[in-house]
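Read off the chains here:
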Amino acid sequence: MSQSLREACLITDHRIVPITVEMAITESGRRNGLMGRESLAPDTGMLFVYEEPRRPDHGFWMYQTLIPLDIAYLDKEGTIVAIRQMVPCRSPSGSGCPVYRAGVSFSSALEMNQSFFRNNGISVGHQLSSSESICKP
């Protein structure tokens, strides 16, 4: 992993789910994302952080991404505002890949292995935190 790693957690109504996030905070890091990776550790994801909120029509694609992913779009407070399932795109060009639009404004996006959110009871309205006092009480 080329980006920095941070410990974080997802907070549901009933539990705290610890995760490790690889930070994609530069334009290059966000552009490359998880392209070319053959696997992703079970409780690890990539967090795409933006300086300015993205519009609802902004989205992600799976060009040259080999593993199925879920993406949670988050507002500036870290609240999940939308979740989409994404499948690898086998097209030889990016123009042949679908875009998974947020449908709402967002400030960051968290990619995890497909079904991670569902399997952990994480849904819209739940929260991402990197506060050590919350994630490791």
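This text follows the structure it describes.
Small disclaimer: the values here were computed from a predicted structure and weren't measured.

Novice: Lay out unusual backbone geometry in plain terms, naming residues and giving numbers.
Specialist: Positive phi is not limited to glycine here, since Gln-64 has a value of about 60 degrees. Positioned with a positive phi, Ser-115 is a non-glycine residue whose angle comes to about 80 degrees. Of note, Ser-115 is situated in the loop between strand S8 (106–113) and helix H2 (116–119). Overall, the relative accessible area of 15% leaves Ser-115 in the buried class.

Novice: Explain the environment of Tyr-63 to me, and be specific about the residues and the numbers.
Specialist: Secondary-structure assignment places Tyr-63 in the loop between strand S4 (59–61) and strand S5 (69–74). Residue classification places Tyr-63 among the buried positions, given a relative accessible area of 16%. Among the polar contacts made by the side chain of Tyr-63, one reaches the side chain of Gln-64 at a distance of 3.2 Å. Among the polar contacts made by the side chain of Tyr-63, one reaches the main-chain carbonyl oxygen of Pro-92 at a distance of 3.4 Å.

Novice: Describe the sheet that holds strand S9 (residues 127–129), and please don't skip the residues or the numbers.
Specialist: Strand order across the open sheet formed by seven strands is S6-S5-S8-S3-S2-S1-S9, with mixed pairing between neighbours. Among the strands making up the open sheet, the edge pair consists of strand S6 (80–86) and S9. Neighbour to neighbour, the strand axes of the sheet diverge by 30 degrees on average, direction disregarded. Pairing of S5 with S6, which is carried by six bridges, proceeds in the antiparallel orientation. Looking at the pairing, Ala-72 lines up with Ile-83 of S6.

Novice: Break down the nonpolar core for me, citing the residues and quoting the values.
Specialist: If you look at the biggest cluster of nonpolar residues, it comprises 21 residues, and the most contacted ones within it are Phe-48, Phe-60, Leu-69, Tyr-73, Met-86, Phe-106 and Ala-109. Those elements giving two or more residues to this core turn out to be strand S3 (44–54), S5, S6 and S8. With sequence-adjacent residues up to four places away left out, Phe-106 is seen in contact with Tyr-50, Pro-53, Arg-54, Arg-55, His-58, Phe-60, Tyr-73 and Leu-74. Listed in part, the 16 residues of the second largest apolar core include Val-21, Leu-74, Phe-116 and Leu-128.

Novice: Please provide a residue-by-residue account of the packing of aromatic side chains, values included.
Specialist: A full pass over the atoms with the stated rule returns six aromatic pairs. Ring plane angle 80 degrees and centroid distance 4.8 Å describe the contact between Phe-48 and Phe-60, whose orientation is recorded as edge-to-face. A residue pair is termed long-range when its members are at least 10 positions apart, and Phe-48 in strand S3 and Phe-60 in strand S4 qualify at 12 residues. The exposure classification of Phe-48 matches that of Phe-60, with both residues buried. A network of ring pairs unites the aromatic residues Phe-48, Tyr-50, Phe-60, Tyr-73 and Phe-106 as a single cluster.

The rules behind the values
- Sequence order sets the numbering: in each chain, residues are counted from 1 along the sequence as written.
- Selection of residues for local features in this predicted model requires a pLDDT of at least 70, selection of side-chain atom pairs for listing and counting requires 80 or more, and totals for whole chains, interfaces and linings are taken over all residues.
- The basis for the side-chain values is all heavy atoms of the structure; hydrogens and waters are excluded.
- A helix here means a DSSP run of H or I that spans at least four residues, while a strand means a run of E at least two residues long, and both kinds are numbered starting from the N terminus.
- Any residue under 20% of the maximum accessible area for its type is buried, any over 50% is exposed, and the rest in between are partly exposed; the area is computed with a 1.4 Å probe on protein chains only.
- A 3.5 Å cut-off defines polar contacts: any pair of N or O atoms within that distance qualifies, except that in protein one atom must be a possible hydrogen donor and the other a possible acceptor, and neighbouring residues in sequence count only when both atoms are side-chain atoms.
- Here the rule is simple: two strands pair whenever DSSP picks up at least two bridges between them.
- For helices, the fitted line uses only the C-alpha atoms of the stretch in contact; every axis is such a line through C-alpha atoms, and the angle between N-to-C directions lies from 0 to 180 degrees.
- The term nonpolar core refers to a set of buried residues drawn from Ala, Val, Leu, Ile, Met, Phe, Trp, Tyr and Cys, joined through side-chain atoms within 4.5 Å.
- Every residue pair with non-hydrogen atoms within 4.5 Å of one another is taken to be in contact.
- Stacked, tilted and edge-to-face are the three classes assigned to paired rings of Phe, Tyr and Trp, where Trp is represented by its six-membered ring and a pair needs centres within 6.5 Å; plane angles under 30 degrees give stacked, over 60 edge-to-face, the rest tilted.

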